[in-house]
Amino acid sequence: MQLIDGKAISAQIKIEIAEEVAKIKASGGKTPHLAAVLVGYDGGSETYVASKVRTCEEVGFKSSLIRFEDNVSEEELLACVEKLNNDTDIDGFIVQLPLPKHISEQKVIEAIDYRKDVDGFHPINVGRMSIGLPCFVSATPAGILELLKRYNIPTQGKHCVVLGRSNIVGKPVANLMMQKGYPGDATVTVCHSRTPNIKEICQSADIIIAALGVPEFLKGDMVKDGVVIIDVGTTRVSSSETKSGFRLKGDVAFEEVAPKASFITPVPGGVGPMTIISLMRNTLLAGKKEIYN
Ligand code: GUN
């Protein structure tokens, strides 16, 4: 069993991005600028956004954090999106999800200029991805593919089972795994809460991408020997052993599954760090106008 070290790979990519940013700056180019919009005080979102802002600084990007109280109106938030769309110094921006119930996430996502949509959530980016055109690929799926690539994990003709059908992970990663070329060319099955025979399907999988958000859902008896496991789960569970009072649990019962796996991502330190670094890569591409002019 080999551990897929997302922390180490993301640290390596961070250096690669920082070097490229330094070159851009040295040749008089524009410093890439990412803005993040954060609404309310959700613990998870606060942590993620703080981490995104910190990573921007580490790679040499400019970053802006725009905060709103959780009673902000949809109109006000849409006005902010419009302002960011028109701000020529901002190369890309994200609106951290989830948003309060009174605001339509879809409306906000669709208001973002797709050329600045470094989260890759806008229907234009999702649509372009699904037909294999250049676009911003959302960060978690992009991070998963990068891990498969950097560990040279074969995917062609493999049975890849995706657990979960979210717009952020399940659907896009399933789509990417079946695209032509490496790391795609897989035969993909998507399982979700209404799939009756998940155990049997998982037992036939060469690669399992678990993104259900159900802690320790995937048990040892559900996988075959040699399986590749990508665990996207990051459920916060309370813990008396950590300073923060919680710890992250993946969707995979690691102790049971790891001995049977050929490769496995840990939680934390697997997919998580790759997500932020993929956002940085998208911001770099946005700054360089490499995908859209
Ligand atoms: N909430 C959970 N993951 C994400 C993400 O990748 N981007 C945004 N904007 N919100 C999220």
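A brief report on the enclosed structure follows. (Residues numbered from 1 in each chain as written. Predicted model: local features only at pLDDT ≥ 70, side-chain atom pairs only at ≥ 80, totals over all residues. Heavy atoms only, no water.)

Now for the overall build of the protein. Summing up its helical and strand segments, the protein has ten helices and eleven strands in all. A compact globule built from 293 residues would reach a C-alpha radius of gyration of about 19 Å, and the protein, at 19 Å, matches this within 12%. Along the first, second and third principal axes, the C-alpha atoms of the protein reach 55 × 40 × 35 Å. In the protein, once contacts between residues fewer than 6 apart in sequence are set aside, the share between residues at least 24 apart is 71%. (Helix = DSSP H or I, 4+ residues; strand = E, 2+ residues; numbered from the N terminus. Rg over C-alpha atoms; globule rule 2.2 N^0.38 Å. Contact = heavy atoms within 4.5 Å.)

The next thing to look at is the site of the ligand. In the vicinity of the ligand, the contacting residues are K52, V95, Q96, L97, D119 and F121. A distance of 2.9 Å separates a nitrogen atom of the ligand from a polar backbone atom of V95. In the environment of the ligand, a nitrogen atom lies 2.9 Å from a nitrogen or oxygen atom belonging to the backbone of L97. When the free accessible area of the ligand is taken as 280 Å², the share hidden by the protein chains comes to 82%. Its residues assigned to classes, the shell around the ligand comprises three nonpolar, one polar and two charged. (Near = heavy atom within 4 Å. Polar contact = N/O pair within 3.5 Å; in protein donor to acceptor, adjacent residues only side chain to side chain. Areas by Shrake-Rupley, 256 points an atom, 1.4 Å probe, with all protein chains shown as cover. Nonpolar A, V, L, I, M, F, W, Y, C, P; charged D, E, K, R; others polar.)

A separate point is the side chain of T140. Examined against the element boundaries, T140 turns out to sit in helix α6 (residues 139-150). Here the side chain of T140 touches T275 through a polar contact of 3.1 Å, side chain to side chain. With residues near it in sequence (within four places) discarded, T140 still touches V169, V232, V271 and T275.

Turning our attention to the environment of L148. Position of L148 relative to the elements: it lies in helix α6. A relative accessible area of 0% means that L148 is categorised as buried. In this structure, the C-alpha to C-alpha distance between L148 and I109, residues 39 residues apart in sequence, is 29 Å. (Buried < 20%, exposed > 50% of the residue type's maximum accessible area, 1.4 Å probe, protein only.)

What follows concerns the pattern of salt bridges. Under the counting rule described, the total for this entry stands at 17 salt bridges. As a salt-bridge pair, K288 and E20 come within 2.3 Å of each other at their nearest N and O atoms. Taken together, the residues span a long stretch of sequence, with K288 in the segment after α10 (271-287) and E20 in helix α1 (residues 6-26) at a distance of 268 residues. Classification of E20 by relative accessible area gives partly exposed; the value is 29%. Measuring nitrogen to oxygen at the nearest pair gives 2.7 Å for the salt bridge that ties E290 to K288. Judged by its relative accessible area of 48%, E290 is partly exposed. (Salt bridge = Lys/Arg side-chain N within 4 Å of Asp/Glu carboxyl O.)

Helix length check: α6, at twelve residues, gives a terminal C-alpha distance of 16 Å against a target of 16 Å (1.5 Å per residue), a fit within 8%. Summarising burial for α6: nine of the twelve residues are buried, a large majority. Along α6, the positions that sit buried rather than exposed are A139, T140, P141, G143, I144, L145, E146, L147 and L148. Turning to α6, the residues buried within the fold contact α1, α7 (170-177), β7 (207-210), β8 (227-231) and α10. Two residues or fewer after α6 comes N152, characterised by a positive phi angle close to 50°. (Expected span 1.5 Å × (residues − 1).)

Overall, parallel pairing links the three strands, which are arranged β3-β2-β4 in an open sheet. Two strands close off the open sheet at either side, each with one partner strand: β3 (62-68) and β4 (92-95). Mean inter-strand twist for the sheet, computed between neighbouring axes without regard to direction, equals 15°. Here strand β2 (residues 33-39) pairs with β4 via four bridges, running parallel. Note on β4: the bridge partner recorded for A36 is I94. (Pairing = 2+ DSSP bridges. Axes fitted to C-alpha atoms, helices over the stretch in contact; angles between N-to-C directions.)

Let us now look at the packing of aromatic side chains. Across all of its chains, the model carries three aromatic pairs by this definition. The interplanar angle of 75° and the centroid separation of 6.2 Å between the aromatic rings of Y151 and F263 together place this pair among those described as edge-to-face. Here the residue Y151 occupies a position in the loop between α6 and β5 (159-163), and F263 occupies one in strand β11 (residues 261-264), the gap between them amounting to 112 residues. Exposure class is identical for Y151 and F263. Each is buried. A connected cluster of aromatic rings, assembled from ring pairs, spans Y114, F136 and Y292. Positioned above the aromatic ring of Y114 is the side chain of R115, whose terminal nitrogen or guanidinium carbon lies 5.8 Å from the ring centre. The side chain of R236 reaches across the aromatic face of F246, ending 3.7 Å from its centre. (Phe/Tyr/Trp six-rings, centres within 6.5 Å; stacked < 30°, edge-to-face > 60°. Lys NZ or Arg CZ within 6 Å of the ring centre and 35° of its normal.)

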